[in-house]
Amino acid sequence: MWNRRPRGPHLLSLGLLLSPHASTAQEHAHAASAPAGDPAPPRLPAASPLIDVRVHAADREFEIVVGPLSLPAGGPHLRPPVQLAEVPVAGWMHGFSWRMRDREGNPLPDRLLHHVNVIDPDRRELFSAVPRRILAAGRETKSELLPGVLGVPLAPDTRVLVSAMFAPLPDASHDEAFLHIRLPYTPFEDPGLVEPVDVYPFYLDVMGPVGEKEFPLPPGTHRRSWEGSPAVDGRILAVGGHLHDYGDWIRLEDVTAGKVIWETGPEVDGGGRTVGVPTSRLWWRGGARIRKDHVYRISVQYSNPLGHAAPDRAMGAIGGIIISAAGDWPEFSREHPDYVQDLRNTLEKPNEAGHGHGRASPSAGS
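Notes on the structure in this doc start here. (Residues numbered from 1 in each chain as written. Predicted model: local features only at pLDDT ≥ 70, side-chain atom pairs only at ≥ 80, totals over all residues. Heavy atoms only, no water.)

### Some thoughts on the pairing of strand β16 (residues 247-254)
Stage number 1. Counting buried positions along β16 gives 7 out of 8 residues, so the element sits mostly inside the fold.
Stage number 2. Across 7 bridges, β16 lies against strand β22 (residues 296-304) in antiparallel orientation. Following the sheet pairing, Leu252 is matched in β22 by Ile298.
Stage number 3. Both β16 and strand β17 (residues 259-264) contribute to a ladder of 5 bridges, which runs antiparallel. By the bridge assignment, Arg251 is partnered in β17 with Glu263.
Stage number 4. Joining the antiparallel neighbours β16 and β17 is a turn of 4 residues, in which Gly258 adopts a positive phi near 70 degrees. (Buried < 20%, exposed > 50% of the residue type's maximum accessible area, 1.4 Å probe, protein only. Helix = DSSP H or I, 4+ residues; strand = E, 2+ residues; numbered from the N terminus. Pairing = 2+ DSSP bridges.)

### Comments concerning the side chain of Arg133
Stage number 1. Structurally, Arg133 is set in strand β7 (residues 131-138).
Stage number 2. Since its relative accessible area comes to 12%, Arg133 is described here as buried.
Stage number 3. A distance of 2.8 Å separates the side chain of Arg133 from the backbone oxygen of Pro131, its partner in a polar contact.
Stage number 4. Of note is the side chain of Arg133, whose polar atom sits 2.8 Å from the side chain of Asp342. (Polar contact = N/O pair within 3.5 Å; in protein donor to acceptor, adjacent residues only side chain to side chain.)

### A word on the pattern of salt bridges
Where charged atoms from two side chains of opposite charge approach closely, those side chains can pair.
Stage number 1. Tallying each qualifying case throughout the model produces 20 salt bridges.
Stage number 2. Note that Arg182 and Glu61 form a salt bridge whose closest N and O atoms lie 2.6 Å from each other. Taken together, the positions of Arg182 in strand β11 (residues 174-187) and Glu61 in strand β2 (residues 61-71) put the pair 121 residues apart, joining distant regions of the chain.
Stage number 3. Given the relative accessible area of 25%, Arg182 is considered partly exposed.
Stage number 4. For Glu61, a relative accessible area of 19% corresponds to the buried category.
Stage number 5. Residue Arg297 is joined to Glu227 by a salt bridge in which the shortest nitrogen-to-oxygen separation is 2.7 Å. Of this pair, Arg297 sits in strand β22 while Glu227 sits in strand β14 (residues 220-228), placing them 70 residues apart in sequence.
Stage number 6. For Arg297, a relative accessible area of 22% translates into the label partly exposed.
Stage number 7. Using a relative accessible area of 38% as the deciding quantity, one classes Glu227 as partly exposed.
Stage number 8. Among the charged side chains, a network of salt bridges with common partners joins Glu61, Glu63 and Arg182. (Salt bridge = Lys/Arg side-chain N within 4 Å of Asp/Glu carboxyl O.)

### A word on the nonpolar core
Stage number 1. If you look at the biggest cluster of nonpolar residues, it comprises 43 residues, and the most contacted ones within it are Met100, Phe166, Leu179 and Ile181.
Stage number 2. Membership of the second largest hydrophobic core comes to 29 residues, among which are Phe202, Leu204, Ile261 and Trp262. (Core = buried A, V, L, I, M, F, W, Y, C linked by side-chain atoms within 4.5 Å.)

### Notes on the sheet that holds strand β6 (residues 113-124)
Stage number 1. Spatial strand order, β3-β10-β6-β7: 4 strands in an open sheet with antiparallel pairing. Two strands lie at the open edges of the sheet, namely β3 (83-87) and β7, each paired on one side alone. Looking at each pair of strands side by side, their axes are set apart by 25 degrees on average, direction ignored.
Stage number 2. Pairing of β3 with strand β10 (residues 158-166) involves 5 bridges; the strand directions are antiparallel. For Ala85, the partnering residue across the bridge sits in β10 and is Val160.
Stage number 3. This element, helix α1 (residues 337-348), spans β6, β7 and β10 of the sheet and lies at about 35 degrees to β7. (Axes fitted to C-alpha atoms, helices over the stretch in contact; angles between N-to-C directions. Contact = heavy atoms within 4.5 Å.)

Given below as structure tokens:
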């Protein structure tokens, strides 16, 4: 277990939010005994030549840099090997922003990034035993920031897996491209007048916690859904989602109580293409309560007007933050079949065919 200084009283009244418990430190996930015959979890990468983690202490930010990447004009999508890094700070993370840049730090088109996922392999998800998603972003998600009074606690030397896909442009080559992810934080040893309240990220997918996340979208109207229960009671403080083109809506509902917690449609451009999904900041009204003895459903609807299957297929995912009524995060088993399979999928996916492969330069730094 890691430790930080004892909590003092919060100087901010959170009104209807759950009063956070005096939180001792979150433990690294405990490996419990697995049923006979379950496969062992795969080994994490030993070295990550395409990643660099930098601390900007004066700005209270740290930065994850992925690259250099060679993205030739008209080339196939690039999925570099999943990278492993250690976060060199201990404190509360307050969100993220990202940009694509060249070696000199000049901006490159954001369209070069298809998506990036940052995953904590040492802690579980809220609704399943798979490794916890810390953040996920695509070209439609430039940044997500929390108020300074809320923060995701990061232990010293928290390990993260960085899984990304890049999309070369049809008319321009970029021989040395870098993805810069900047993450503001408040150090545990210097929280200032208001010590942030612990919040935790969560992720839900209409395809379930393990396996393929995209699904075919033939002509017509189609729905997908998945149901599950959270590991802890708490309140959802913010929630957003991810949709592809032709998405009508995405929804989270409490099946047990028979009520919709959150629903939204996509943001579209003049041509009807999806450019984003609105984020709802529920902390202004005290959050949305969730209970571990209730069943919740994530669902999505698409209407494909084409006379053939949509070329980009379909997805339906929700990400957000919760405040846990239990204080810390629950432990889990590294030998749980869902954990093992999801980690294996994460590590092996870049080596599978599908989107094709570009080339990643073996040197690091920018």
